[in-house]
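Notes for the structure review
In case you want the letters, here they are:
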Amino acid sequence: MAQTSTEAPALRLTDVSKSFGVVNALTKVSLEIRPREVVGLIGENGAGKSSLLKILSGNQTADSGTMELRGRPVTFSSISQAMSNGVAMVYQEQSLLPNVSVAENILLGNERGAVRDGFYRWKQMHRTAQRHLDEVKSGVSPSDITDTLPFAQRQMVEVAKALATGDGSPYDPVILLDEPTSVLESGDIETLFSVIRRVKEHASIVFVSHRLEEVLEICDRVYVMRDGEVVAEVDPAEADVDQLFRLMVGRDLTSGYFREDLSTEPTPDVRLAIESLTGPGFSDVSLGINRGEIVSILGVQDSGRENLGRVLFGALPAAHGSVRIDGERVGLRSTRDAVARGIGYLPSERKIDGAIMGMSVADNMTLAHPDVVSTLGVMRSRRVREVADEWIRRLAIKTSGPAAEMVNLSGGNQQKVVLAKWMLAPDLRVLILDTPTRGLDVGAKSEVYAILHGLAAKGVSIILLADSLEEGIYVSHRVITMADGKVTGEFTSRPGNRPSRTSLIERML
Amino acid sequence: MPTSSEVTPVVEVEKGRRPAGSTTRSAKRGERKGAAARVLGFVNQKGLTPAIVVVLMIVVFWAMNPSGVTLNTLSTLFDQSAALLMLALAQSLVVLMGRIDLANSALASFLCVLLVIWLNTLGPIAIPLVLLLGVAIGALQGWVHMYFQIPSFVVTLAVSGIVGGAGLIASGASAVSLIQNFELVQWFYESPGGIPLAFVIGAAIAAVLAFFVAKTARGRTLKAIGSNQRATAYSGIRTTVTVVLGFALAGLLIGIAAIMTVGQLGTASSGIANSLLLPSIAAVVVGGTAISGGTGGPGRIVFGALIIALLRIGLDIIGVPQEFQPIVYGVIVIAAIAITVNRSRTLSVV
Ligand SMILES: Nc1ncnc2c1ncn2[C@@H]1O[C@H](COP(=O)(O)OP(=O)(O)OP(=O)(O)O)[C@@H](O)[C@H]1O
Ligand SMILES: [Mg+2]
């Protein structure tokens, strides 16, 4: 909003289209990003947000249409070319190199003074990196090795890296943030927002998020995308969440976003019994979950809830304690044991642990339960196709079909495929979900809640590591809070008798 | 500081401003290009390129030396490529899992030596023994690699040293010859009804493996591990077991390669198959299996192996000396990977 009308837009797209085979990711998109403003970009999963940003950042080229940078026509044929023109992107899926230092990552492709005669000048490099880390108020040290950091901190490093791009460029940078907040906790989000507000003084920012409240809070202008087209431009000062939702999906947000109407009473028999379970980062957890019960676990980073989930699935070793399903003891020695006992697990890091990018949608779906689609170990291609088709339909997955490669799906649709992998299990008893709605659009989230209620109604016990307090409160029958590796609270949660936010937060700290 | 040359003007600007009438022409051009691209895409997707190359090579060699390409030379071609095909299949399983086996030819040599010695001393039991030993050593390599988390190239490189030394000791550092039971291994190279058995058996094994990888649940896990081991483990698949199995299967194929080699030559030495390592990798990559794992597989190896074998014969036909041939394989490996590697995956961050 700070722009003056005489100034050329930082970036302007006119009639940009892009298709992948039969999928039209973008159709004649025109928009502009003005100097010193935050532009919001919203739309359902697969609407084309990431595709648009990838074109802006030189990662992909448009099929047609034009792009103007500060009034001059350009095409970026590479990421580095975009970067040297001050356009940088933080990807939806993280893109840092795992086994090098934070400083190297931040300055990668943008080393400038930090490299002389092909050699790194470490001191200089660390100093520059430190400055950028300070800018995002990150406590990370430039010499830390990237993959030793927790997810949220890596995300902040990504932001610092994007900021570094603006450095030394004579132009004000354009920074593209593709769902930067989806993995952040509220404290970190606040930090990120203050960073955005500060950077805005000399930069343009594009902000993609499925959390519409956030978009209304931080953006100066919002573009709404639907099926590859920009369908509306909205002034956040005059819009609310419901209105944005309507524009996004073309219908009203049905009452009951959390689908409480579908919630059923669990039966009183205990399905999962956890007895003083101790593992890496948590200790002495005892918990009984009934058939058809949804229990959400809330906790901040390092509360131990993620590791609890992993241990239950046999992906991390338990120190001691026992776990029984329907009275029978579970080995906990391998993920294989867990799957054989009817446990499913949806990891939070979709790209690394959830989806196999090089394989097809159908293969991803049927990987954990090949028996469903094979006879005597031989896969029946037709059955594979049928099963995949069915789940594509039931979860409304946007893809060209069962044979589509996973890498070509939008983030939210990949998540649905990973969900389907567990849902097609013939005898699913316990489903552990680590932040399953992360990165999903509002409509898809609501669909996932409906799915969870449906599974619970069939007797599946669900452990939900909720992505937000509201999700934890409204989707479950019971809320458990964890802090520092211990269970700190337990709350029943039924319509009319929900725990309050403050009582939960108290126990989470 | 960015220079103006880094800002490439848009080519489309001009196109976009053309009068409406001219768009049809450019649209048509796009369509035609699309058709050609579709054909290429189909060939590529179905993995037909290697097969086409094989046919082209035969035609070229025939053109260069019509008398050199006869049924007889073709049959020699199959005989010569049988062992190579086995090693290439073994390599392809390992590469599919995102690993590499640098011990493959050294292990074959070692097994050749043992086979000759055991056939001379123990008799027919030597054959199952050699196969078993191949499986055991393969499985052990896989297990060491997984359990101690040592990269496969390190483990297999070390094993190639170990079995190389063991082969030297067993053979007394000289060639050992079969003095009896030759008929037990020689039958591979007979041609009942003019059909070279070695080729038929090789093709059958390749077909079985291709089926295994493409159509069975277990085979699919090899591919999954090659694409994303963590996600595979998070799907409840025992990755260690799968990798050990893959290496064991490779060991079995290496054992068969040893039997074929001895059957052809009737003699063995500690380095007899060593020259096949590079060609085996070349056959894998030429066949279109991604060196980074996860794509391709045995189905494509037959033609990869044929290309390499043809090349060997072709080089002989046009008179390229033996000592130049490894150079050719080296160049081919690099060129084939350079052509087939999915650069979009490495460059684009997503
Ligand atoms: N490389 C590709 N090949 C084929 N289809 C693709 C490719 N990249 C994207 N698509 C398709 O283009 C459409 C838009 O995808 P995009 O990733 O831009 O969506 P998005 O709005 O970012 O969604 P999300 O909110 O889930 O991240 C989707 O239907 C997707 O499947
Ligand atoms: Mg996206």
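What comes next is a walk through the structure. (Residues numbered from 1 in each chain as written. Chains lettered and ligands numbered in written order. Predicted model: local features only at pLDDT ≥ 70, side-chain atom pairs only at ≥ 80, totals over all residues. Heavy atoms only, no water.)

Paired through backbone hydrogen bonds, the strands of a sheet run either parallel or antiparallel to each other. Residue and element names in this part refer to chain A. Read from one edge of the open sheet, six strands run 6-9-10-3-11-12, paired in mixed fashion. Of all strands in the sheet, those bounded by a partner on one side alone are strand 6 (87-90) and strand 12 (229-234). Here the average twist between neighbouring strands, direction ignored, is 20 degrees. In this sheet, strand 11 (residues 221-226) lies alongside strand 3 (residues 38-43) in parallel orientation, the contact comprising five bridges. Each bridged residue has a counterpart across the sheet, and for Val39 the counterpart in strand 11 is Arg221. (Pairing = 2+ DSSP bridges. Helix = DSSP H or I, 4+ residues; strand = E, 2+ residues; numbered from the N terminus. Axes fitted to C-alpha atoms, helices over the stretch in contact; angles between N-to-C directions.)

The next point concerns the sheet that holds strand 1 (residues 11-20) of chain A. Residue and element names in this part refer to chain A. Spatially, the four strands line up as an open sheet ordered 2-1-4-5, and their pairing is antiparallel. Of all strands in the sheet, those with a lone pairing partner are strand 2 (23-33) and strand 5 (72-74), marking the two edges. Strand after strand, the sheet turns through a mean of 30 degrees between neighbouring axes, direction not considered. Pairing analysis gives seven bridges linking strand 1 to strand 2, with the strands arranged antiparallel. In the strand pairing of strand 2, Val16 is matched with Val29. Its contacts with the sheet place helix 1 (residues 49-56) against strand 1, strand 2 and strand 4 (64-69), and it is angled at close to 60 degrees to strand 2. (Contact = heavy atoms within 4.5 Å.)

Below, the discussion takes up the pattern of salt bridges. Under the counting rule described, the total for this entry stands at 31 salt bridges over all chains. The residue Arg478(A) makes a salt bridge to Glu293(A) at a minimum N-O spacing of 2.8 Å. Of the two residues, Arg478(A) sits in strand 23 (residues 478-483) while Glu293(A) sits in the loop between strand 14 (282-290) and strand 15 (294-298), which places them 185 residues apart along the sequence. Arg220(B) is paired through a salt bridge with Asp363(A); the nearest N and O atoms lie 3.2 Å apart. Of this pair, Arg220(B) sits in helix 10 (residues 217-227) while Asp363(A) sits in helix 12 (residues 361-366), on two different chains. In this structure Arg220(B) comes out as buried when scored by relative accessible area, which is 4%. For Asp363(A), a relative accessible area of 22% corresponds to the partly exposed category. Each member of the salt-bridge network shares a partner with another, and the members are Arg12(A), Glu32(A), Arg34(A) and Glu68(A). (Salt bridge = Lys/Arg side-chain N within 4 Å of Asp/Glu carboxyl O. Buried < 20%, exposed > 50% of the residue type's maximum accessible area, 1.4 Å probe, protein only.)

All names here are of chain B. Spanning 18 residues, helix 5 (residues 104-121) covers 26 Å between terminal C-alpha atoms, matching the ideal 26 Å at 1.5 Å per step. Counted residue by residue, helix 5 has 15 buried out of 18 residues, so it is predominantly covered. Phi turns positive one or two residues past the end of helix 5, at Gly123, with a value near 90 degrees. (Expected span 1.5 Å × (residues − 1).)

Tallied over the entire structure, the rule returns 12 aromatic pairs over all chains. Relative to Phe148(B), the ring of Trp143(B) has its centre 5.8 Å away and its plane inclined at 80 degrees; by these criteria the two rings are edge-to-face. Exposure remark for Phe148(B): the relative accessible area of 49% places this residue in the partly exposed category. Three or more aromatic residues link up through ring pairs in this structure, and these residues are Phe313(A), Tyr345(A), Trp422(A) and Tyr234(B). (Phe/Tyr/Trp six-rings, centres within 6.5 Å; stacked < 30°, edge-to-face > 60°.)

This next bit is on the packing of helix 9 (residues 197-215) of chain B against helix 10 of chain B. Describing two packed helices takes the angle between their axes plus the distance from one axis to the other. All names here are of chain B. Put simply, helix 9 and helix 10 touch, their axes get as near as 5 Å, and they point 75 degrees apart. Taken together, the axes of helix 9 and helix 10 are roughly perpendicular relative to one another. Here helix 9 contributes Phe212, Val213 and Lys215 to the contact with helix 10, which in turn contributes Ala217, Arg218, Gly219, Arg220 and Leu222. Taken together, the residues of the contact of helix 9 with helix 10 break down into four nonpolar, one polar and three charged. (Parallel < 35°, antiparallel > 145°, perpendicular 65-115°, else oblique. Nonpolar A, V, L, I, M, F, W, Y, C, P; charged D, E, K, R; others polar.)

All names here are of chain A. In this structure, Lys28 takes a positive phi of about 45 degrees despite not being glycine. The class for Lys28 is exposed, based on a relative accessible area of 55%. Even without a glycine there, the phi angle at Arg259 is positive, about 55 degrees. Locating Arg259 in the fold gives a position in the loop between helix 8 (241-249) and strand 13 (270-279). Here Arg259 falls in the partly exposed class, since its relative accessible area comes to 23%.

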